[in-house]
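What follows is the residue order along each chain.
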Amino acid sequence: MDFRRELYRSPNGDLWSLGRDPADGLAMIVHQANGPSGAAVSFITIRDFLGSGENGPQHQALLRLIAGLIDDSAGNDEVAK
């Protein structure tokens, strides 16, 4: 099954999602170009995506998702002190 969580859809139709690399199952950023650009799909490591130095809305969406995971776990058992 191909599970992806949409992060951001640009005004021009490009789509960025959090998904899994089909080869090894590791979490990756999946970028699908818009139709007029060929609708090509590319897989980008999270390290490369965030380490690119860019700070676009797609990057901010991933950081908000990660922050939400941290916030959601705040009420659970303490992991470290």
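A.B. asks: Describe in detail the overall build of the protein, supporting the description with residues and values.
C.D. replies: Summing up its helical and strand segments, the protein has two helices and four strands in all. Each helix and strand of the protein, ordered N terminal to C terminal, gives the series β-β-β-β-α-α. Taking all contacts inside the protein whose residues are at least 6 apart in sequence as the whole, residues at least 24 apart take part in 17%. About 5900 Å² of surface is accessible on the protein, with carbon and sulfur atoms providing 53% of the total.

A.B. asks: Quick rundown of the pairing of strand E1 (residues 5-9)? Include the residues and the values.
C.D. replies: Two strands pair when backbone bridges link them, and E1 and strand E2 (residues 15-20) are joined in this way by four bridges, in the antiparallel orientation. Paired with glutamate 6 across the strands is serine 17, a residue of E2.

A.B. asks: An account of the packing of aromatic side chains is requested, with residue identities and associated values reported.
C.D. replies: The tally for this structure, following the rule as stated, stands at one aromatic pair. Taking 6.0 Å as the distance between ring centres and 40° as the angle between the ring planes, the aromatic pair formed by tyrosine 8 and tryptophan 16 counts as tilted.

A.B. asks: Could you give me a rundown of the side chain of serine 17, with the residues and numbers involved?
C.D. replies: Positionally, serine 17 belongs in strand E2. Beyond its immediate chain neighbours, meaning those up to four positions away, serine 17 contacts Arg4, Arg5, Glu6, Leu7, Met28, Ile29 and Val30.

A.B. asks: Explain the sheet that holds E1 residue by residue, including any values.
C.D. replies: Taken together, four strands build an open sheet; the order of strands is E1-E2-E3-E4 and the sheet is antiparallel. Looking at strand neighbours, the two that pair on one side only are E1 and strand E4 (41-45), the edges of this open sheet. Neighbour-to-neighbour, the strand axes of the sheet open up by a mean angle of 30°, direction not taken into account.

A.B. asks: Before we move on, could you go through the pattern of salt bridges and cite the residues and values that matter?
C.D. replies: Should their charged atoms come close, side chains of opposite charge can pair. Counted by the stated rule, this structure contains one salt bridge. Here arginine 9 and glutamate 6 are joined by a salt bridge, their closest N and O atoms 3.3 Å apart.

A.B. asks: Please give an account of the confidence of the model for the protein that cites residues and values.
C.D. replies: Chain-level statistics for the protein give a pLDDT mean of 86 and a share of 85% at 70 or above. Mean pLDDT in the protein bottoms out at helix H2 (residues 57-73), which sits at 87, and peaks at E1, which reaches 95.

Analysis parameters
Residues numbered from 1 in each chain as written. Predicted model: local features only at pLDDT ≥ 70, side-chain atom pairs only at ≥ 80, totals over all residues. Heavy atoms only, no water. Helix = DSSP H or I, 4+ residues; strand = E, 2+ residues; numbered from the N terminus. Contact = heavy atoms within 4.5 Å. Areas by Shrake-Rupley, 256 points an atom, 1.4 Å probe, with all protein chains shown as cover. Pairing = 2+ DSSP bridges. Phe/Tyr/Trp six-rings, centres within 6.5 Å; stacked < 30°, edge-to-face > 60°. Axes fitted to C-alpha atoms, helices over the stretch in contact; angles between N-to-C directions. Salt bridge = Lys/Arg side-chain N within 4 Å of Asp/Glu carboxyl O. pLDDT = per-residue confidence, 0-100.

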